[in-house]
Amino acid sequence: MTTNKLAQGDGTSAALSSQGQPRGRQGLVKPLRTLLDTSGLIAIFVVLFVALSVFIPDFLTGRNMVGLLLSVTLIGTIATTMMMVLALGEVDLSVASIVAFAGVVAAVVTSTSGSVVIGVLGGVVAGGAVGAFNGFVVARFGINSLIATLAAMEFVRGLAYITSGGDAVMITVPGFFDLGSASFLGLTLPVWTMIVCFVIFGVLLNMTAFGRNVLATGGNPEAAALAGVNVRRLKIIVFGLQGVVAGIAGVLLTSRMGLGDPNTSMGLELAVISACVLGGVALSGGVASITGVLVGVLIMGCVQNAMGLLNVPTFYQYLVRGAILLLAVMFDRWKQTRRQRA
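Residues numbered from 1 in each chain as written. Predicted model: local features only at pLDDT ≥ 70, side-chain atom pairs only at ≥ 80, totals over all residues. Heavy atoms only, no water.

By the naming in an unreviewed UniProt entry, the protein goes by L-arabinose ABC transporter permease AraH and is assigned to Litchfieldella rifensis. Comment text from UniProt for the protein, heading Subcellular location (unreviewed entry), reads "Cell inner membrane". (UniProt positions renumbered as here; feature names shortened; annotations may be inferred.)

Structure below.
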């Protein structure tokens, strides 16, 4: 029966069934079901936002809100594709290294060629190539994605150092800086890029056969394969998309900084995974919500912003971020246990 549903493109229901979701919710329209699943998280965000607005004088100002959005663009943009990777039942620890590598490649190519377009394409293609390679290794050789992308994290970071000669690469083409500073309706290009990524991957996850196949594969890869889903190709595509988006984020970050730095974005992968898990994406695969990921990103951004306004020392901020990651994983485990008992 599960196989027939998958063959008809109803992979989402099959995947959610494999996770043990209560049957009462399976009959609901998907957007309503998603809202019910994330309503608790949304309530937490609303309470947090109101509390910060009341107790931190400079929090609820137009300037700080714009700064808050800009501060979460890197995590938010990459979280849209990390959501897909995690929903597939995999993980990608190499995104921070891809961001650094793509930025360095973009800086080197732009300065060498004198063309912003060629430089941007070089950075994005470099990120996509690394992502597709990760997917190929995981799909073709059956290597655990945690180990495969951990190796890629070190390997690609090394490539960033080699490409840059071990130092930051200064950009000599002034037009490159416009990528990070250009604005429309009061929001900069990095913010609009994050918004567009949330829209694109939200539609891709919820309204296409591709998204249903991702969820179905994450929930039950054997059943998905029997239903005709090309699991290997799907993994390569998803990891490739992860690399492309990380490459775009790396190029925009480089434009904002004004140089290609191989040392940038250390620990970014943990922040992205934390935001996804906090947003309800199951580490075991098969369950994901673009709304939940958005709220998870905003919660982490608000906490980080509040600590900055309160001048909390950096080493205490590490403690808070670590605690958020631990709580997110514990919350994910609690939800899995609840589904199994239902």
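Next, the rest of the story.
Visitor: Teacher, can you tell me more about the pattern of salt bridges here?
Guide: Between side chains of opposite charge, a pair can form when the charged atoms approach closely. On inspection of all chains with the given rule, the structure shows 1 salt bridge. Where E90 meets K235, a salt bridge forms, and the shortest distance between an N and an O atom there is 3.0 Å. In this pair, E90 is assigned in the loop between α6 (73–87) and α7 (95–113) and K235 in helix α14 (residues 231–257), connecting sequence segments 145 residues apart. (Salt bridge = Lys/Arg side-chain N within 4 Å of Asp/Glu carboxyl O. Helix = DSSP H or I, 4+ residues; strand = E, 2+ residues; numbered from the N terminus.)

Visitor: Honestly, α7 in this entry has me stumped. Any pointers?
Guide: Residues separated by three or four positions in an α-helix point in the same direction, a consequence of the helix having 3.6 residues per turn. Taking 1.5 Å per residue as the helical rise, α7 with its 19 residues ought to reach 27 Å, and the 26 Å between its terminal C-alpha atoms agrees with that figure. Among the 19 residues of α7, 14 are classified as buried, and the element is accordingly described as predominantly covered. Looking one or two residues past α7, G114 carries a phi angle of roughly 80 degrees, positive in sign. (Expected span 1.5 Å × (residues − 1). Buried < 20%, exposed > 50% of the residue type's maximum accessible area, 1.4 Å probe, protein only.)

Visitor: Honestly, the environment of S289 in this entry has me stumped. Any pointers?
Guide: Positionally, S289 belongs in the loop between α15 (268–278) and α16 (290–309). Its relative accessible area of 8% is what places S289 among the buried residues. As a C-alpha pair, S289 and G279 span 10 residues in sequence and 7.3 Å in three-dimensional space.

Visitor: Could you clarify how one ought to interpret the environment of G267 in this entry?
Guide: Note on placement: G267 falls in the loop between β4 (259–260) and α15. By relative accessible area, G267 is classed as partly exposed at 34%. Residues G267 and S97 lie 170 residues apart in sequence; the distance between their C-alpha atoms is 9.3 Å.

Visitor: Whenever I open this one, the packing of aromatic side chains confuses me. Can you help?
Guide: The geometry of an aromatic ring pair comes down to the distance between the two centres and the angle between the two planes. The tally for this structure, following the rule as stated, stands at 5 aromatic pairs. Considering the side-chain rings of F136 and F141, the 5.8 Å spacing of their centres and the 90 degrees angle between planes classify their relative orientation as edge-to-face. Take F141: its relative accessible area is 54%, and that puts it in the exposed class. Through a chain of ring-to-ring contacts, three or more aromatic side chains come together here, namely F45, F49 and F59. Positioned above the aromatic ring of F141, the side-chain terminus of R140 is 5.7 Å from the ring centre. (Phe/Tyr/Trp six-rings, centres within 6.5 Å; stacked < 30°, edge-to-face > 60°. Lys NZ or Arg CZ within 6 Å of the ring centre and 35° of its normal.)

Visitor: Teacher, can you tell me more about the packing of helix α11 (residues 189–207) against α14 here?
Guide: Each packed pair of helices is defined by two parameters, the angle between the axes and the distance between the axes. α14 packs onto α11 with a crossing angle of 170 degrees between their chain directions and a minimal axis gap of 11 Å. Classified by the angle between their axes, α11 and α14 sit roughly antiparallel to one another. Contacts between α11 and α14 pair L189, P190, T193, C197, F201 and L204 from the former with L241, V245, I248, L252 and R256 from the latter. When the residues that make up the contact of α11 with α14 are grouped by side-chain class, the tally is 9 nonpolar, 1 polar and 1 charged. (Axes fitted to C-alpha atoms, helices over the stretch in contact; angles between N-to-C directions. Parallel < 35°, antiparallel > 145°, perpendicular 65-115°, else oblique. Contact = heavy atoms within 4.5 Å. Nonpolar A, V, L, I, M, F, W, Y, C, P; charged D, E, K, R; others polar.)

Visitor: In this structure, what is going on with helix α12 (residues 209–219)? I would like to understand it.
Guide: Here α12 lies mainly inside the structure; 8 of its 11 residues are buried. Buried within α12 are the following residues: F210, G211, V214, L215, A216, T217, G218 and G219.

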